[in-house]
Amino acid sequence: GEGWINDHIRVGATALAEKNDTGDVTMLGADIRLQASPNTFFSAELMRSQGSGAAGWLSTDGGLTYVQQASTGLGANGAHAVRLNAQADLSDFNGDMTGLVGATIEGREAGFWSKGTQAQADQLLIGTFANIDINDAGRDVDRARPNA
């Protein structure tokens, strides 16, 4: 569930309990989003899972073949994951600029499990992006490019 406190702050919570042949899994999480506008925001999410969940599938060739990975059993004592995400719409800071920039940092402890994720070792993932018009000429070239 989630709810907006006002136009700039959203809080949320997640809970999951699953029983299956491979064991019981519980997951609890909380998140917050602080935003100046819909395209300029900071969000943080903290999750804790306990239990090893179902075995995952791994492809090392882009999805042509998959190998089932055994459940690690590492999550029996619980493991955490955190995700920090920030994005800025440059026009929110300077009306003459257009574009978006952003970054995501995600950390998972060994044994963290969620649907689609099973961390067999501690993980740190960092991603950034920028989508910026350099000048008006660059913007005109982009408009003239035929659709693929």
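Up top is the structure.
These remarks concern the structure in this document.

1. Quick look at the overall build of the protein chain
- Helix and strand counts for the protein chain come out as one helix and 11 strands.
- Ordering the α and β elements of the protein chain from the N terminus gives β-β-β-β-β-β-β-β-β-β-β-α.
- When the 148 residues of the protein chain are sorted by exposure, 26% land in the buried category.
- If you sum the accessible surface of the protein chain, you get close to 9,800 Å²; carbon and sulfur atoms cover 56% of it.

2. Observations regarding the nonpolar core
- Val25, Met27, Met47, Ala79, Ala81, Phe112, Trp113 and Ala119 form the largest nonpolar core, which has eight residues in total.
- If you list the elements that add at least two residues to this core, you get strand E3 (23-37) and strand E7 (79-89).

3. Things to note about the packing of aromatic side chains
- Overall, the coordinates contain zero aromatic pairs when judged by the stated rule.
- Between the NZ or CZ atom of Arg33 and the centre of the ring of Phe41, over which it lies, the distance is 3.8 Å.

About the thresholds
Residues numbered from 1 in each chain as written. Predicted model: local features only at pLDDT ≥ 70, side-chain atom pairs only at ≥ 80, totals over all residues. Heavy atoms only, no water. Helix = DSSP H or I, 4+ residues; strand = E, 2+ residues; numbered from the N terminus. Buried < 20%, exposed > 50% of the residue type's maximum accessible area, 1.4 Å probe, protein only. Areas by Shrake-Rupley, 256 points an atom, 1.4 Å probe, with all protein chains shown as cover. Core = buried A, V, L, I, M, F, W, Y, C linked by side-chain atoms within 4.5 Å. Phe/Tyr/Trp six-rings, centres within 6.5 Å; stacked < 30°, edge-to-face > 60°. Lys NZ or Arg CZ within 6 Å of the ring centre and 35° of its normal.

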